[in-house]
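# Chains, contacts and geometry: an overview
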Amino acid sequence: MNTQTSKECSFTWQTNVCLAPYSTFKIGGEAKLFAKVSSKKELLSALSYCHENDLYYYILGKGSNTLFDDRGFDGAVILNGLAGFEQKGGAFEVLSGTSFSLFAMQSAKIGYGGLEYAAGIPGSIGGAIFMNAGASGQEIASLVESVDYINEDGKYKCYPKEELLFKYRWSSFHKMKGFIFSASLRLYPDAAARKVQIELINKRKQTQPLKEPSCGCVFRNGKEFIAGKLIDEMNLKGLQIGGAQVSNTHGNFIINRGSAKAQDVKDLVQIIEDNVFEKTQYKLEREIRYVPYQRN
Ligand SMILES: Cc1cc2nc3c(=O)[nH]c(=O)nc-3n(C[C@H](O)[C@H](O)[C@H](O)COP(=O)(O)OP(=O)(O)OC[C@H]3O[C@@H](n4cnc5c(N)ncnc54)[C@H](O)[C@@H]3O)c2cc1C
């Protein structure tokens, strides 16, 4: 693998890096440039390099909601390696590259509630905030006090919750271009948190295809329907295009049977949407993020 060192900083830009291992779908071609940033200095240096060179870039957390293109990415992928958290009572200052699942388990183990549902969500804190991740009637937005953000020109801003908008699997960050650096989360004492968490993990194991590569739920639920149930009712479970298949365990999961291409997933998504619309007039909305090879 070729390497190239950025002038300002010690981290390395790698070239032609296969992206499949960096997405839980295990799909994707090569990134032209790829760097893992592990400090604020490295992050700022990577962003300024992209800015100065007018490079198309993609911020990657744990890749658990990301479908890369088969051709890869004709720009720079910045992998978030900023991990760790500080606790002051129920207030937790969490760096955005921290594992959402691990943080949820650690906080529940020391007696804090609010993230019982999150153990088993294989994302980062940054990805969870960006997507407003949630399950079992809870979502991360309810715990957010503020988010520290770095704009693409390197300017830092702390957004209090009141300045942010969170909706179902959506946040204001979808409309912004920059990096969620850290979040201040307020959890609450709850001695039963870990017990509830274990129950939810066991439920996940029974209802989701966790042993096969996927990006979790492909579609958002609607006001009038649960996407997985709808797909099941359309008899689409088990439908396979190339190496991509609608899971037999959960209708809203598409799994990679081992050799799936991004195109297989995209074709299958289209077939599901068409089928559901034809039979019910419901328009499914995609939750997973497809990353095109080139800037649109
Ligand atoms: C088995 C499985 C189960 C799942 N269960 C759930 C569930 O119960 N509930 C749920 O909500 N989701 C679930 N998901 C989906 C996924 O885990 C979440 O959406 C998660 O929050 C994505 O985090 P990530 O770090 O992997 O994001 P990525 O896929 O890396 O990125 C997703 C988006 O966030 C942006 N992003 C990531 N980090 C940053 C940052 N620091 N700054 C700015 N932008 C950023 C990316 O650019 C991208 O647009 C599941 C996925 C899997 C594979």
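Residues numbered from 1 in each chain as written. Predicted model: local features only at pLDDT ≥ 70, side-chain atom pairs only at ≥ 80, totals over all residues. Heavy atoms only, no water.

### Overview of the packing of helix α2 (residues 100-109) against helix α4 (residues 193-207)
Heads up, the condition is: To obtain each axis, a line is fitted to C-alpha atoms, and for helices this fit is confined to the stretch in contact; angles are then taken between N-to-C directions over 0 to 180 degrees. Counting from the N terminus, the helices are the DSSP runs of H or I reaching at least four residues and the strands are the DSSP runs of E reaching at least two. For classification purposes, an angle smaller than 35 degrees is called roughly parallel, one larger than 145 roughly antiparallel, one from 65 to 115 roughly perpendicular, and anything else oblique. Two helices that cross are described as forming a left-handed crossing if the nearer one is turned anticlockwise from the farther one by less than a right angle, and a right-handed crossing if clockwise. Whether two residues touch is decided by their heavy atoms; if any such pair falls within 4.5 Å, the residues are in contact.
The geometry of α2 relative to α4 is characterised by a closest axis approach of 8 Å and an angle of 140 degrees between their N-to-C directions. With respect to their mutual orientation, α2 and α4 come out oblique. Along this stretch, α2 crosses α4, giving a crossing that reads as left-handed. In this structure, α2 uses A104, M105, A108 and K109 to contact α4, whose residues at the interface are A193, R194 and Q197.

### Overview of the pattern of salt bridges
Selection criterion: Just to be clear on terms, a salt bridge is a Lys or Arg side-chain nitrogen sitting within 4 Å of an Asp or Glu carboxyl oxygen. The buried label applies to any residue whose accessible area, calculated with a 1.4 Å probe on protein chains only, is under 20% of its type's maximum; exposed applies above 50%, and partly exposed to all values in between.
Enumeration according to the criterion identifies 12 salt bridges in this entry. For D69, the salt bridge goes to R71, with nearest N and O atoms at 3.6 Å. The salt bridge involving E273 is made with R286; its shortest N-O contact spans 2.7 Å. With E273 in helix α6 (residues 262-280) and R286 in the loop between α6 and β22 (289-291), this pair connects stretches of sequence that are 13 residues apart. A residue is classified by how much of its surface remains accessible, and E273, at 12% relative accessible area, is buried.

### So, the site of the ligand
Stated formally: What makes a residue near a molecule or strand is one non-hydrogen atom of that residue sitting within 4 Å of it. Throughout this description, a polar contact denotes any pair of N or O atoms lying within 3.5 Å of each other; where both atoms belong to protein, one of them has to be capable of donating a hydrogen while the other can accept it, and for residues adjacent in sequence the pair is counted only when both atoms sit in side chains. With residues, only the protein chains shown are counted as cover, and all accessible areas are computed by Shrake-Rupley using a 1.4 Å probe. For this scheme, ten residues count as nonpolar: Ala, Val, Leu, Ile, Met, Phe, Trp, Tyr, Cys and Pro. Four count as charged, namely Asp, Glu, Lys and Arg, and the remainder, Gly too, count as polar.
Residues in contact with the ligand amount to 35 residues; listed here are only the nearest, I59, S64, T66, S124 and G134. One of the backbone nitrogen or oxygen atoms of I180 is found 2.8 Å away from a nitrogen atom of the ligand. In this structure, an oxygen atom belonging to the ligand sits 3.1 Å away from a side-chain N or O atom of R289. Within the complex, 95% of the 980 Å² of free accessible area of the ligand lies under protein. Residues of the shell around the ligand, tallied by class, amount to 14 nonpolar, 17 polar and four charged.

### Concerning the sheet that holds strand β7 (residues 85-88)
Basically, it comes down to this: What makes two strands pair is DSSP finding at least two bridges between them.
The five strands lie next to each other as β7-β8-β16-β12-β13, forming an open sheet whose pairing is antiparallel. The open sheet has two edge strands, β7 and β13 (156-160), and neither has a second partner. When the angles between neighbouring strand axes are averaged without regard to direction, this sheet yields 15 degrees. Across five bridges, strand β12 (residues 144-151) lies against β13 in antiparallel orientation.

### Let's talk about unusual backbone geometry
The backbone phi angle of S136 is positive, close to 50 degrees, even though this residue is not glycine. Looking at the secondary structure, you find S136 in the loop between β10 (134-135) and β11 (138-139). Phi angles above zero are rare outside glycine, and N235 is one such case at about 60 degrees. Among the structural elements, N235 can be located in the loop between α5 (227-233) and β19 (240-241). Judged by its relative accessible area of 68%, N235 falls in the exposed class.

### Thoughts on the pairing of strand β21 (residues 253-256)
Residues F253 and I255 line one face of β21 and the alternating positions I254 and N256 line the opposite face, and both faces are buried. Bridge count for strand β18 (residues 214-217) against β21 is two bridges, and the pairing is antiparallel. Its bridge partner lying in β21, C217 is registered against F253. Where strand β20 (residues 244-246) meets β21, three bridges bridge the pair, whose relative direction is antiparallel. When the bridges of β21 are listed, Q245 appears paired with I255. Taking the residues that link successive antiparallel strands as the turn, the β20-β21 hairpin has six residues.

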